[in-house]
Amino acid sequence: MHAAPAPRTSRALALGVAVVAFAAQLPAAFPAAFIWDDVPLLLASDLYTSPERWVESLGVPLGMETRYWRPLATTSFLLETALHDGSAAGYRVTAALLHAASAGLAFVLLRRLLASAGAAFLAACAWALHPANVEAVTWISGRFDLLCGLFVLAALTAAHGPSAASRTGRWLVGGAAAAALLSKESGVVLPLLLLLWLMALDGSGRPRPKGGAADGRSGDWRAVVREHRRTLGAALLGLAAVAVARVERLGFLFGTSESSVTEAGGVLAHALLVGRAAAAYVGALVVPWWGASPAHHGVRPIPSDDLLGWSGLALLAAGCTAILLLWRRDRRTACLLAAFGVALAPVLQIVPLDVAGGLHAADRLLYVPSFLLVAAVSGGLLRLAPSAAPARRGLAAAAAVLVLALGAGRLALLPHWSSADRFWAWAVREAPQSPITLANRVDVLLGSGWPGDAGVDEAERLARRLRGLDPEFRYGHALLEILLIRGQVAEAARVAAEALTVRGEDPDYLVLAGRIAVETGRFDDAVDFYGRAVEASRRDAATRLHSRLAEALGGLAEARLLAGGDRLDAVETLRRALPHVAR
């Protein structure tokens, strides 16, 4: 083990890393915007922002998915609403503070691992400034990954330190483990991460002598388990408590959608999907100036000649081989690389993820894996570096240049998050064949344009491209909106009829069909469409369809009046719509 650093110096350096992380992230808050899932999560419903609905929010799955339950992260949104009234800038300032706390913990962990305080400072700054972490910190809906990562780092910190063997230390580890899983499902791998991290710290990191035995407890997992069994047990108990609550709330522990499994395809296609995800993550980590992206897209099922998929599988094989080879020569680096692999495994599409629009990877999922990779690389480089002072100074200078380059790359990405318009324009450039990027870009353009404007012209071009990529009509609403704006009601009616044959109970299509029926004077049909839209919206009324429910109720009231219905009945319908109007 390395000699303990001076406490005052370590605290100053930890604070310095936190300040660097906060200062580099703060520009993302001015200006700030609600983007993508932020809108249905925090604007279209008050489920996670209203104190009166807090207890209700704890008992239901996460808004847009029935397989996720993340009450700690959603509660953080409620607490913030009381502080800054739910402003986008407020959420982003909070995220910057949380990232600064994570960066400080990262320094503490790296200082225990590395012989040099300066090396630990540079490595912690490299992780804090890495462009691959921009999404987790900048995107408001990335709060789940950000909080989970913070508590994972907190658990690693508490598991090995002055108070680790005490009851307080075990409570901290167990509480952090529970908090990580309450923030996001990927926290479930924490006990294995703890074991590998403790093995890395307890091992000497020296090569095994030829023909000799391992040095002491170097990488001996049995010895580590015996010594830290109470700490590891505390982490398992924390996760078990949350697991029981998850089963009680969801009816199962973890799951994925049938559509995700179907889209993954057969064995070969699924393997290539895993490889493609691995290649995307490696690109974002190793060459983030080009690899970091808001949308990693690929057509599913992945074709058998997909070069990126095969490259990713080769990278996975190379990584596993490196761990096996290093296990005998440099057990510490092998443990850290294994921990990186364990942290990455839940997001590698081994179990198909519910990522919309053909996306197979997301940068925000690298928040914890990137730290473990930085730890492995920095530790390995220090052990390989020559001991001569000039060589060490040269390595430090190169590391400082890399940190500056990473910081520049991070600052270059932040302006893309300043508005929904800039973000989706960027996303379409990165993934021009992704239905999810095209659909959201069209929505943004429609929100700021009028018939005849260049924005609507671009929106129509993108919407027609999207229609060719979307045979199941998952994102066809935008084209209908544009056709109605253009006054092309006949084509709109034809497209709506096609959509309803595929997605007959989709509330968005039913509302649009109601609008078309009103435009063409078919008021009784409009009453029918809007009535069905109301019932379809109510089935998900606790979350993202509040605004759609309001539109359906308003349309129903109008259609009833036009069809000669009772005025009082129409007024009552409008009254029912008011509580569901989005903020």
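The residue numbering used here restarts from 1 in each chain and proceeds along that chain's sequence as written. At least 70 in pLDDT is required for a residue's local features to be given in this predicted model, at least 80 for side-chain atom pairs to be given and counted, and no such filter applies to totals for whole chains, interfaces and linings, which use all residues. Side-chain descriptors were evaluated using all non-hydrogen atoms of the structure, hydrogens and water having been removed beforehand.

## Focus on the overall build of the protein
Moving on, step 1. Along its length, the protein carries 28 helices and two strands.
Moving on, step 2. Each residue is placed in one exposure class: buried if its accessible area under a 1.4 Å probe, protein chains only, is under 20% of its type's maximum, exposed if it is over 50%, and partly exposed if it falls in between. Across the 583 residues that make up the protein, the buried fraction comes to 53%.
Moving on, step 3. Residue contacts are counted whenever heavy atoms from the two residues lie within 4.5 Å of one another. Across the protein, every contact between residues at least 6 apart in sequence was considered, and the portion connecting residues at least 24 apart equals 74%. Strands here are runs of E lasting at least two residues and helices are runs of H or I lasting at least four, both read from the DSSP assignment and numbered beginning at the N terminus.

## Points about the nonpolar core
Moving on, step 1. Here, nonpolar core means buried Ala, Val, Leu, Ile, Met, Phe, Trp, Tyr and Cys residues that are tied together by side-chain atoms lying within 4.5 Å of each other. Grouped together as the largest cluster of nonpolar side chains are 165 residues, with contacts concentrated most on Trp 127, Leu 193, Trp 197, Tyr 281, Phe 371 and Leu 372.
Moving on, step 2. Per-element accounting of this core gives the leading share, eleven residues, to helix α8 (residues 143-159).
Moving on, step 3. Residue contacts for Trp 197: discarding those within four places in its chain leaves Leu 109, Leu 113, Leu 156, Leu 336, Phe 371, Leu 372 and Ala 375.

## A word on the packing of aromatic side chains
Moving on, step 1. Between rings of Phe, Tyr and Trp, where Trp is taken as its six-membered ring, a pair exists when centres lie within 6.5 Å; planes separated by under 30 degrees are stacked, by over 60 edge-to-face, and by other angles tilted. Summed over the entire model, instances satisfying the criterion amount to 15 aromatic pairs.
Moving on, step 2. A ring pair is formed by Trp 36 and Trp 139, whose centres lie 5.6 Å apart and whose planes are at 35°; its orientation type is tilted. Of this pair, Trp 36 sits in the loop between α1 (7-25) and α2 (38-43) while Trp 139 sits in the loop between α7 (134-138) and α8, and the two are 103 residues apart along the sequence.
Moving on, step 3. Classification of Trp 36 as buried rests on a relative accessible area of 19%.
Moving on, step 4. Judged by relative accessible area, Trp 139 falls into the buried class, the value being 5%.
Moving on, step 5. An angle of 80° between the planes, with centres 6.0 Å apart, marks the rings of Trp 127 and Phe 371 as edge-to-face. With Trp 127 in helix α6 (residues 117-129) and Phe 371 in helix α18 (residues 367-384), this pair connects stretches of sequence that are 244 residues apart.

## What about the packing of helix α14 (residues 267-286) against helix α16 (residues 307-329)?
Moving on, step 1. One way to put it is that α14 packs onto α16 with a least axis distance of 6 Å and a crossing angle of 75°. In terms of orientation, α14 lies roughly perpendicular with respect to α16. Seen from α14, the contacting residues are Leu 268, Ala 271, Leu 272, Val 274, Gly 275, Arg 276, Ala 278, Ala 279 and Val 282; seen from α16, they are Leu 308, Gly 309, Trp 310, Gly 312, Leu 313, Leu 315 and Leu 316. For helices, the axis comes from a line fit to the C-alpha atoms of the stretch in contact; other axes are also lines fit to C-alpha atoms, and the angle between any two N-to-C directions lies between 0 and 180 degrees. Any angle from 65 to 115 degrees is called roughly perpendicular, while one under 35 is roughly parallel, one over 145 is roughly antiparallel, and all others are oblique.

## As for the side chain of Thr 74
Moving on, step 1. Looking at where Thr 74 falls in the secondary structure, it is placed in helix α4 (residues 71-84).
Moving on, step 2. Leaving out residues up to four positions away in the same chain, Thr 74 has contacts with Tyr 48, Leu 62 and Phe 144.

## Observations regarding the confidence of the model for the protein
Moving on, step 1. Mean pLDDT over the protein works out to 87, with 88% of the residues at or above the 70 mark.
Moving on, step 2. pLDDT measures how confident the predictor is about each residue, on a scale from 0 to 100. In this model residues 204-217 is a low-confidence stretch, pLDDT under 50, and it forms 20 contacts with partners more than four residues away in sequence or in other chains.
Moving on, step 3. In this model, residues 541-545 is a region of pLDDT below 50 whose contacts with residues beyond four sequence positions or in other chains number 17 contacts.

## A look at the side chain of Thr 157
Moving on, step 1. Take Thr 157: it is sitting in helix α8.
Moving on, step 2. Polar contacts here mean pairs of N or O atoms no more than 3.5 Å apart (in protein, one a potential hydrogen donor and the other a potential acceptor; neighbouring residues in sequence count only if both atoms are side-chain atoms). Looking at Thr 157, its side chain comes within polar contact range of the main-chain oxygen of Leu 153, at 2.8 Å.

## Here we look at α16
Moving on, step 1. The end-to-end C-alpha separation of α16 is 33 Å, in line with the 33 Å expected for 23 residues at 1.5 Å each.
Moving on, step 2. On its buried face, α16 sits against α14 and α17 (331-344). What a helix should span is 1.5 Å times the count of its residues minus one.

## Let's talk about the pattern of salt bridges
Moving on, step 1. Every case where a carboxyl oxygen of Asp or Glu lies within 4 Å of a side-chain nitrogen of Lys or Arg is listed as a salt bridge. If you walk through the whole model with that rule in mind, you get 28 salt bridges.
Moving on, step 2. In this structure, the salt-bridge partner of Arg 467 is Glu 498, at a minimum N-O distance of 3.8 Å. Of this pair, Arg 467 sits in helix α22 (residues 454-469) while Glu 498 sits in helix α24 (residues 489-502), and the two are 31 residues apart along the sequence.
Moving on, step 3. Arg 467 sits in the partly exposed class, given a relative accessible area of 26%.
Moving on, step 4. Classification of Glu 498 as partly exposed rests on a relative accessible area of 31%.
Moving on, step 5. A salt bridge links Arg 494 to Glu 491; its shortest N-O distance comes to 3.7 Å. Separated by three residues within a single helix, Arg 494 and Glu 491 lie in helix α24, roughly one turn from each other.
Moving on, step 6. Accessibility expressed as a relative area gives 44% for Arg 494, which makes it partly exposed.
Moving on, step 7. In this structure, a network of salt bridges that share partners links the residues Asp 457, Glu 460, Arg 464, Arg 467, Arg 486, Glu 491, Arg 494 and Glu 498.

## Quick notes on helix α23 (residues 477-486)
Moving on, step 1. By the criterion of burial, α23 is predominantly enclosed, with seven of the ten residues buried.
Moving on, step 2. Looking at α23, one finds that the buried residues are His 477, Ala 478, Leu 479, Leu 480, Ile 482, Leu 483 and Leu 484.
Moving on, step 3. Among the residues trailing α23, Gly 487 stands out with phi positive, at a value near 80°.

## Structural notes on unusual backbone geometry
Moving on, step 1. The step from Phe 30 to Pro 31 runs through a cis peptide bond, and the omega angle for that step is 0°.
Moving on, step 2. Among the secondary structure elements, Pro 31 is positioned in the loop between α1 and α2.
Moving on, step 3. The omega torsion of the bond from Arg 300 to Pro 301 falls at -10°, within 30 degrees of zero and hence cis.
Moving on, step 4. Mapped onto the elements of the fold, Pro 301 is located in the loop between β1 (296-297) and α16.
Moving on, step 5. With a phi close to 60°, Asp 85 is a non-glycine residue in the positive phi region.

## Digging into the packing of helix α5 (residues 88-113) against α18
Moving on, step 1. Between α5 and α18, the least distance of the axes is 11 Å, while the angle of their chain directions is 30°. In terms of axis orientation, α5 runs roughly parallel to α18. Both α5 and α18 take part in a crossing whose hand is right-handed. Facing His 99, Ser 102, Ala 106, Leu 109, Leu 110 and Leu 113 of α5, the residues of α18 in contact are Tyr 367, Phe 371, Ala 375 and Ser 378.
Moving on, step 2. Residues of the contact of α5 with α18, tallied by class, amount to seven nonpolar, three polar and no charged. Take the far helix as your reference; a near helix turned counterclockwise from it by less than a right angle gives a left-handed crossing, and one turned clockwise gives a right-handed crossing. Residue polarity is assigned by list, with Asp, Glu, Lys and Arg as charged and Ala, Val, Leu, Ile, Met, Phe, Trp, Tyr, Cys and Pro as nonpolar; anything else, Gly included, falls into the polar class.

## Here we look at a nonpolar patch on the surface
Moving on, step 1. Each patch is assembled from residues with relative accessible area greater than 30% and no salt bridge, linking like charges that lie within 9 Å and nonpolar side chains (Val, Leu, Ile, Met, Phe, Trp, Tyr) that lie within 5 Å. All accessible areas in this document rest on Shrake-Rupley with a 1.4 Å probe, and a residue is counted as covered only by the protein chains that are shown. On the surface, a cluster of nonpolar side chains totalling about 670 Å² of accessible area is made up of Val 282, Val 286, Val 287, Trp 289, Trp 290, Leu 315 and Leu 402.
Moving on, step 2. Breaking the nonpolar patch down by element, the ones donating at least two residues are α14 and α15 (288-291).
Moving on, step 3. Tracing the sequence through the fold places Val 282 in helix α14.

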